[in-house]
Amino acid sequence: AVITIGAVLLILAVNPRPEALLVGGAAVFVMIASLLRRRRLRRIELQGLVGDTESMLESSIVREEATVKRAKSGLMVIGPSIFLGLLFGFIVDKGGGGASLPTVEGEAWRGLVVRGLFIFIVVVTITQLLLSIRRSRAELNRLIQLREAYRLEREQSPSEHHENGG
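Here's what I pulled together on the structure shown here. Quantities reported herein were computed from a predicted structural model and do not represent experimental measurements. Within each chain, residue numbers correspond to sequence positions counted from 1 in written order. Local features in this predicted model are restricted to residues of pLDDT 70 or higher, and side-chain atom pairs are both shown and tallied only at a pLDDT of 80 or more, whereas totals for entire chains, interfaces and linings draw on every residue. Derived side-chain values reflect all non-hydrogen atoms in the structure, with water molecules and hydrogen atoms excluded from consideration.

Considerations on the overall build of the chain
- Labels follow the DSSP assignment, with helices taken as runs of H or I lasting at least four residues and strands as runs of E lasting at least two, numbered in each case from the N terminus. Scanning the chain from N- to C-terminus turns up four helices and zero strands.
- Traced from its N-terminal end to its C-terminal end, the chain shows the element sequence α-α-α-α.
- By residue count, 23% of the 166 residues in the chain fall in the buried class.
- To be clear on the numbers: accessible area is Shrake-Rupley with a 1.4 Å probe, and residue cover counts the displayed protein chains and nothing else. By element, 66% of the accessible surface of the chain is carried by carbon and sulfur atoms, the whole surface being about 11,300 Å². Relative accessibility decides the category of a residue: with a 1.4 Å probe and only protein chains considered, values under 20% of the type maximum give buried, values over 50% give exposed, and everything between is partly exposed.

Next up, the structure:
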């Protein structure tokens, strides 16, 4: 994230046109907002890491729910991020490049490689997020079942103790 923000700022320093500043600023804003949301969700995950078995199960459930929310948030940010990135690239590329910032369209193979790499990265990112959501939901269901089994066992244990010993 820091590298991406740095790259945007470097491009803006080389190409300080108003439309590039506007789109670049929007891209940096989306990146920072996404980072802040992820940090907030991570903080929720880390709360309640101590206690008895039931509270540990509860905190694990909360952490998995936060993981699902974080992955969904990542999926929601992909569309606007791609749009802003393409718009930013178009605005910067429209300037004609120059020695310090060559255009993507300079040579046919370069544009093909960049587009192919872009599509590959987007597909891998979306796939990773979807798999993360699937794994987290499965783990969430497992934790909920464990919590319910623990509660049921705990509710049955005192009654058995009174029947056998008291």
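With respect to the pattern of salt bridges
- Each salt bridge in this description consists of a side-chain nitrogen of Lys or Arg and a carboxyl oxygen of Asp or Glu lying within 4 Å of one another. Scanning all chains against the criterion turns up five salt bridges.
- With its nearest N and O atoms 2.9 Å apart, the salt bridge here joins E58 to R147. Here E58, found in helix α3 (residues 53-94), pairs with R147, found in helix α4 (residues 108-165); they are 89 residues apart in sequence, far enough to count as distant.
- With a relative accessible area of 26%, E58 lands in the partly exposed category.
- Classification of R147 by relative accessible area gives buried; the value is 14%.

What about a positive patch on the surface?
- The grouping of R39, R40, R43 and K69 at the surface amounts to a positive patch.
- A per-element tally of the positive patch places helix α2 (residues 18-46) first, with three residues.
- Relative to the assigned elements, R40 resides in helix α2.
- Residue classification places R40 among the partly exposed positions, given a relative accessible area of 39%. Patches draw on residues past 30% relative accessible area with no salt bridge. Two like charges within 9 Å are joined, as are two nonpolar side chains (Val, Leu, Ile, Met, Phe, Trp, Tyr) within 5 Å. Think of it this way: Lys and Arg go in the positive column, Asp and Glu in the negative one, and His and the chain ends go nowhere. Lysine's charge is taken at NZ, arginine's at CZ, aspartate's at CG and glutamate's at CD.

Brief notes about the nonpolar core
- In this structure, I5, V8, L12, A20, V23, V28, L84, F88, I91 and V92 together form the largest nonpolar core, which totals ten residues.
- For this core, the elements supplying multiple residues, two or more each, are α1 (2-14), α2 and α3.
- The dominant element in this core, judged by the number of residues it contributes, is α3, at four residues. Only buried Ala, Val, Leu, Ile, Met, Phe, Trp, Tyr and Cys residues count toward a nonpolar core, and they belong to the same one when joined by side-chain atoms within 4.5 Å.

With respect to the environment of R70
- When you line up the elements, R70 lands in helix α3.
- Sequence spacing of R70 and R38 is 32 residues, and the spatial spacing of their C-alpha atoms is 6.1 Å.

Quick notes on the side chain of R147
- Any pair of N or O atoms that falls within 3.5 Å is considered a polar contact. Within protein, one atom must be able to donate a hydrogen and the other to accept it, and sequence-neighbouring residues count only if both atoms are side-chain atoms. In this structure the side chain of R147 is engaged in a polar contact, spanning 3.2 Å, whose partner is the side chain of E148.
- If we ignore the near neighbours within four places in the chain, the residues touching R147 are L57, E58 and I61. Residues are treated as being in contact if the distance between any of their heavy atoms lies within 4.5 Å.

Focus on a nonpolar patch on the surface
- Where nonpolar side chains cluster on the molecular surface, the patch consists of L86, F118, I119 and V123 and spans about 370 Å² of accessible area.
- With respect to the element layout, F118 can be found in helix α4.
- On the basis of relative accessibility, which here comes to 35%, the residue F118 falls in the partly exposed class.

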